[in-house]
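Descriptive structure summary
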Amino acid sequence: MAHAKQTLPQKCCPVCQLMFSWRKKWQRNWHSVVYCSERCRRNKAANIPD
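**Digging into the overall build of the protein**
Along its length, the protein carries one helix and two strands. Ordered by position in the sequence, the α and β elements of the protein form the string β-β-α. Scored against the burial criterion, the 50 residues of the protein give a buried share of 16%. In the protein, the proportion of contacts linking residues at least 24 apart, taken out of those at least 6 apart, comes to 13%. As displayed, the protein offers around 4,700 Å² of accessible surface, 52% of which is attributable to carbon and sulfur atoms.

Calculation notes
Residues numbered from 1 in each chain as written. Predicted model: local features only at pLDDT ≥ 70, side-chain atom pairs only at ≥ 80, totals over all residues. Heavy atoms only, no water. Helix = DSSP H or I, 4+ residues; strand = E, 2+ residues; numbered from the N terminus. Buried < 20%, exposed > 50% of the residue type's maximum accessible area, 1.4 Å probe, protein only. Contact = heavy atoms within 4.5 Å. Areas by Shrake-Rupley, 256 points an atom, 1.4 Å probe, with all protein chains shown as cover.

Okay, here's the thing in structure tokens:
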């Protein structure tokens, strides 16, 4: 039987404005995670307002 997930911390991605949740691969550096994906990290300069 699978266990229910606990309430995980969330952040808002500054590029796509979507909320993303904590992932196990980010457990050591969650405080420095800014973008929800590699795609948003690469496109960060394209979304700078004029």
